[in-house]
Amino acid sequence: ELKDFLHRLLILMKWIAAGIITGIIVGGVGIIFYYGIRYATVYRQAHGWIICLLPFAGLFIVFIYHRLKDYDDKGTNLVIASIQENTSLPFRKVPLIFISTIVTHLFGGSAGRESAALQIGGTIGKNLGRLFRFNEGDQKIITMCGMSAAFSALFGTPMAAAFLAMEIESVGIMYYAALVPCVLSALIATYMARYFGVTPDVFSISNIPDFTLNHAFYAAVLSLLCALVSIFFCILLDFHPFLSHQLL
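Cut-off values and rules
- Here the residue numbering is sequential within each chain, running from 1 through the sequence in written order.
- Only residues with pLDDT of at least 70 get local features here, since the model is predicted, and only at 80 or more are side-chain atom pairs given and counted; chain-wide, interface and lining totals rely on the full set of residues.
- Hydrogens and water molecules were not included; the side-chain quantities draw on all heavy atoms of the structure.
- Two rings belonging to Phe, Tyr or Trp (six-membered ring only in the last case) form a pair when the distance between their centres is within 6.5 Å. Interplanar angles under 30 degrees mark stacking, angles over 60 mark edge-to-face geometry, and anything in between is tilted.
- Segments assigned H or I by DSSP are reported as helices when at least four residues long, segments assigned E as strands when at least two residues long, and all are numbered from the N terminus.
- We call a residue buried when its accessible area falls under 20% of the maximum for its residue type, exposed when it is over 50%, and partly exposed in between, using a 1.4 Å probe and counting protein chains only.
- Residues count as neighbours in contact if any of their non-hydrogen atoms are within 4.5 Å of one another.
- Polar contact is the term for a pair of N or O atoms within 3.5 Å; when the atoms are in protein, one must be able to donate a hydrogen and the other to accept it, and sequence-neighboring residues count only if both atoms are side-chain atoms.
- Criterion for a salt bridge: a side-chain nitrogen of Lys or Arg within 4 Å of a carboxyl oxygen of Asp or Glu.
- The definition of a nonpolar core used throughout is a set of buried Ala, Val, Leu, Ile, Met, Phe, Trp, Tyr and Cys residues joined through side-chain atoms within 4.5 Å.
- The quantity called pLDDT is the predictor's confidence in a given residue, expressed from 0 to 100.
- Here, the term disulfide refers to a pair of cysteine sulfur atoms separated by no more than 2.5 Å.
- Patch rule: a residue counts if its relative accessible area is over 30% and it has no salt bridge; like charges are joined within 9 Å, and nonpolar side chains (Val, Leu, Ile, Met, Phe, Trp, Tyr) within 5 Å.
- Reported accessibility uses the Shrake-Rupley method at a 1.4 Å probe radius. Residues are deemed covered only where the shown protein chains occlude them.
- Expected span, for any helix, means 1.5 Å times one less than how many residues it has.

**As for the packing of aromatic side chains**
- Within this structure, the stated rule accounts for 8 aromatic pairs.
- Pairing Phe33 with Phe98 gives two aromatic rings, centres 5.3 Å apart and planes at 50 degrees, and the pair type is tilted. With Phe33 in helix H1 (residues 2-46) and Phe98 in helix H4 (residues 93-106), the pair connects residues that are 65 residues apart, well separated along the chain. Taken as a pair, Phe33 and Phe98 share a single burial class, namely buried.
- Look at Tyr195 and Phe196: their rings are 5.2 Å apart centre to centre, the planes differ by 85 degrees, and that puts the pair in the edge-to-face class.

**A closer look at the environment of Ser100**
- Positionally, Ser100 belongs in helix H4.
- In this structure Ser100 comes out as buried when scored by relative accessible area, which is 9%.
- Between the C-alpha atoms of Ser100 and Ile64, which are 36 residues apart in sequence, the distance is 8.6 Å.
- In contact with Ser100, other than residues within four places in its own chain, are Ile61 and Tyr65.
- A polar atom in the side chain of Ser100 sits 3.3 Å from the backbone oxygen of Ile97.

**Comments concerning the side chain of Thr143**
- Relative to the assigned elements, Thr143 resides in helix H6 (residues 136-155).
- Looking at Thr143, its side chain comes within polar contact range of the main-chain oxygen of Gln139, at 2.6 Å.

**Some words on the side chain of Thr190**
- Within the fold, Thr190 resides in helix H8 (residues 179-195).
- Excluding residues that lie within four positions of it along the chain, Thr190 makes contacts with Ser152, Gly156 and Pro158.

**As for the environment of Ile99**
- In this structure, Ile99 sits in helix H4.
- Remark: the alpha-carbon pair of Ile99 and Phe33, spanning 66 residues in sequence, is separated by 9.1 Å.
- With sequence-adjacent residues up to four places away left out, Ile99 is seen in contact with Phe60 and Ile64.

**Observations concerning the pattern of salt bridges**
- For the structure on display, the rule yields 2 salt bridges.
- The shortest N-O distance in the salt bridge between Asp138 and Lys14 comes to 2.8 Å. On the criterion of sequence distance, the pair formed by Asp138 in helix H6 and Lys14 in helix H1 is long-range, its members being 124 residues apart.
- Assessed through its relative accessible area of 31%, Lys14 is described here as partly exposed.

**Let's talk about the nonpolar core**
- Core analysis: the biggest nonpolar cluster contains 52 residues, and Phe33, Ile120 and Cys182 have the highest contact counts within it.
- Put simply, the parts of the chain that give this core at least two residues each are H1, helix H2 (54-67), H4, helix H5 (114-131), H6, helix H7 (158-168) and H8.
- Of the residues forming this core, the biggest block, 11 residues, is contributed by H6.
- Discounting chain neighbours no more than four positions away, the residues touching Cys182 are Ile141, Met144, Cys145, Ser148, Ala162 and Met166.

**A few points about the confidence of the model for the protein**
- Predicted confidence across the protein gives a mean pLDDT of 84, with 86% of residues reaching 70 or more.
- Per-residue pLDDT, averaged within each element of the protein, yields its smallest value for helix H10 (residues 241-247) (51) and its largest for H8 (93).

**Considering the state of the cysteines**
- Using the criterion set out here, one finds 0 disulfides in the structure.
- The cysteine Cys182 is free of any disulfide, with Cys145 supplying the nearest cysteine sulfur at 4.2 Å.
- According to the relative accessible area criterion, Cys182 is buried, its value standing at 0%.

**Considerations on a nonpolar patch on the surface**
- Where nonpolar side chains cluster on the molecular surface, the patch consists of Leu2, Phe5, Leu6, Leu9, Leu12, Met13, Met159, Phe163, Tyr176, Leu179 and Val180 and spans about 1,000 Å² of accessible area.
- Secondary-structure elements contributing two or more residues to the nonpolar patch are H1, H7 and H8.
- Here the element with the most residues in the nonpolar patch is H1; it accounts for 6 residues.
- Within the secondary structure, Phe5 is located in helix H1.
- By relative accessible area, which is 51% here, Phe5 ends up exposed.

**Digging into H6**
- For H6, which comprises 20 residues, the first-to-last C-alpha distance of 29 Å matches the rise-based estimate of 28 Å (1.5 Å per residue) to within 8%.
- Counting buried residues along H6, 18 of its 20 residues qualify, which places the element largely inside the surrounding structure.
- If you check the start of H6, you find a side-chain oxygen 3.2 Å away from the backbone N of Gly137, and it comes from Asn135.
- At the C-terminal side of H6, Gly156 shows a positive phi close to 65 degrees.

This is the structure we're talking about:
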């Protein structure tokens, strides 16, 4: 029994160390990524004419993808597949996503930070797992740690980031084995980001309606309709692979 306790303690210490390392590395990259997007956006807002160069920015992004031999980019789906099916995540994804997202923001293109954060964090985490010679199961966990750290560094929501990454392994099923390292890496990345002045977006709700039966009914109907739209969207993606690739 003592031997079993020591074995579990050793595993816990391993994941605490892995969570700390992942949080520091991915958090640092997330901070640089945040400031890159911020300065690109500020420059674009001060020089509105730069949007005319957006087509050339698109050609530049295509060029760097081809130069690094990334011909079949699947976005966040590739990271999810790496967790679910243990597929590879080449490290070249990090500079590609990093540069292309900042360039898109600089020239006024439409690009969000959420998918980029998950891809950058997941790719770094996956390659850290390979560097540490982790087995397949452990590589899944450290990939989730990377996703948690990158997302929380950019958006300042460590718990939401950790649970989002833990649910990606199987939608609707929580991967509790990753709880400690994911939360730890997310918290470290968040505190690092705050220390270096990263300010997450804040949305204030000034008018909150009273809770009544009518409001509860309308909210329930809205939830049902949103769920039906989500189900239809998922079915549509499964039905048409090309459409799935373009949208995700």
